[in-house]
Amino acid sequence: NLKFKTDLYNQVYNKNISFSYINEVYKKYLGSPIPFVDLFKENTKPVFKEQFTYIEKKEYNDGVRLKVDNNYLIPSLNNGIVIFIGEKEKLGKCVIIQQSDSVDAWYCNVDNISVNIYDYIEKGSLIAESKENKVDLYFKKNGNVVSYDKYI
């Protein structure tokens, strides 16, 4: 009985389940997103499909700092599910999106956040606005830093 409890605990609490990836597979083979994703949403969606653009980039902490235009509208770099919205120490306001490739994309130093926790968003969807003409991006998988080169 103790072994069962230990195994169950390890499977439920110690594994990083990529719900975004599960949603992508579901859509690919069954032709529609997971049924409960849109259950509590309005039937209309805002029109915003943009490419991420920046003026300058430089390495910053474990990620990259991008210089952008004033009040830049930040688009999502990939499909995913919003798993965190809030303040992170030394990073300011952040939105973390678990992308369909199981990488967590951290959009930090943002303002006027346009998404809600557990929203499923598509690539190019509006996330937030830049703060002070810069956006800090971090990419992590299972707690380990992933290079930003693949994404920007």
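Here is a short report on the structure shown in this document.

Looking at the packing of aromatic side chains
Taken as a whole and judged by the stated rule, the model has one aromatic pair. With centroids separated by 4.5 Å and ring planes inclined at 15 degrees, the aromatic side chains of Phe139 and Tyr151 adopt a geometry described as stacked. Of this pair, Phe139 sits in strand E10 (residues 134-141) while Tyr151 is found in the segment after strand E11 (144-145), placing the two residues twelve residues apart along the sequence. Since its relative accessible area comes to 13%, Tyr151 is described here as buried. If you follow Lys88 out to its NZ or CZ, it ends over the ring of Phe84, 4.4 Å from the centre. The ring centre of Trp106 lies 4.3 Å from the NZ or CZ of Lys140, which sits over that ring.

Regarding the nonpolar core
If you look at the biggest cluster of nonpolar residues, it comprises 23 residues, and the most contacted ones within it are Phe52, Tyr107, Ile127, Leu137 and Phe139. Among the elements of the structure, strand E2 (63-67), strand E5 (92-99), strand E6 (104-108), strand E9 (126-130) and E10 are those that each provide at least two residues to this core. Counting residues per element, this core draws most heavily on E10, which supplies three residues. In terms of nonpolar packing, the next biggest core, distinct from the first, is built from six residues, Leu91, Ile96, Trp106 and Tyr138 among them.

A word on the pairing of strand E1 (residues 56-60)
Where E1 and E2 come together, five bridges link them in antiparallel fashion. Bridging from a neighbouring strand, Glu59 pairs with Val64 of E2. The antiparallel hairpin formed by E1 and E2 contains two residues in its connecting segment, where Asn61 sits at a positive phi of about 50 degrees.

Topic: the pattern of salt bridges
The final tally for this structure, using the stated rule, is three salt bridges. A salt bridge links Asp111 to Lys93, with the nearest nitrogen and oxygen atoms 3.1 Å apart. Here Asp111, found in strand E7 (residues 110-111), pairs with Lys93, found in strand E5; they are 18 residues apart in sequence, far enough to count as distant. On the basis of relative accessibility, which here comes to 24%, the residue Asp111 falls in the partly exposed class.

Here's the deal with the state of the cysteines
Considering all chains together, one arrives at one disulfide under this definition. Residue Cys94 pairs covalently with Cys108 via a disulfide, S to S 2.3 Å. Judged by the sign of its S-S torsion, about 115 degrees, the bond between Cys94 and Cys108 is right-handed. Separated by 14 residues along the polypeptide, Cys94 in strand E5 and Cys108 in strand E6 bring together distant segments of the chain. Residue class for Cys108 comes out buried when judged on its relative accessible area of 0%.

What to know about a nonpolar patch on the surface
On the surface, a nonpolar cluster with roughly 310 Å² of combined accessible area is contributed by Ile85, Ile117 and Tyr118. Along the chain, Tyr118 turns up in the loop between E7 and strand E8 (120-121).

Focus: unusual backbone geometry
Even without being glycine, Asn71 reaches a positive phi, approximately 55 degrees. Here Asn71 shows up in the loop between E2 and strand E3 (73-75). Even without being a glycine, Asn112 presents a positive backbone phi close to 50 degrees. Positionally, Asn112 belongs in the loop between E7 and E8. Residue Asn112 is classed as partly exposed on the basis of its relative accessible area, which comes to 45%.

How each quantity is defined
- Residues numbered from 1 in each chain as written.
- Predicted model: local features only at pLDDT ≥ 70, side-chain atom pairs only at ≥ 80, totals over all residues.
- Heavy atoms only, no water.
- Phe/Tyr/Trp six-rings, centres within 6.5 Å; stacked < 30°, edge-to-face > 60°.
- Helix = DSSP H or I, 4+ residues; strand = E, 2+ residues; numbered from the N terminus.
- Buried < 20%, exposed > 50% of the residue type's maximum accessible area, 1.4 Å probe, protein only.
- Lys NZ or Arg CZ within 6 Å of the ring centre and 35° of its normal.
- Core = buried A, V, L, I, M, F, W, Y, C linked by side-chain atoms within 4.5 Å.
- Pairing = 2+ DSSP bridges.
- Salt bridge = Lys/Arg side-chain N within 4 Å of Asp/Glu carboxyl O.
- Disulfide = S-S within 2.5 Å.
- Patch = residues over 30% accessible without salt bridge, like charges linked within 9 Å, V, L, I, M, F, W, Y side chains within 5 Å.
- Areas by Shrake-Rupley, 256 points an atom, 1.4 Å probe, with all protein chains shown as cover.

Just geometry here; none of it tells us what the structure is for.
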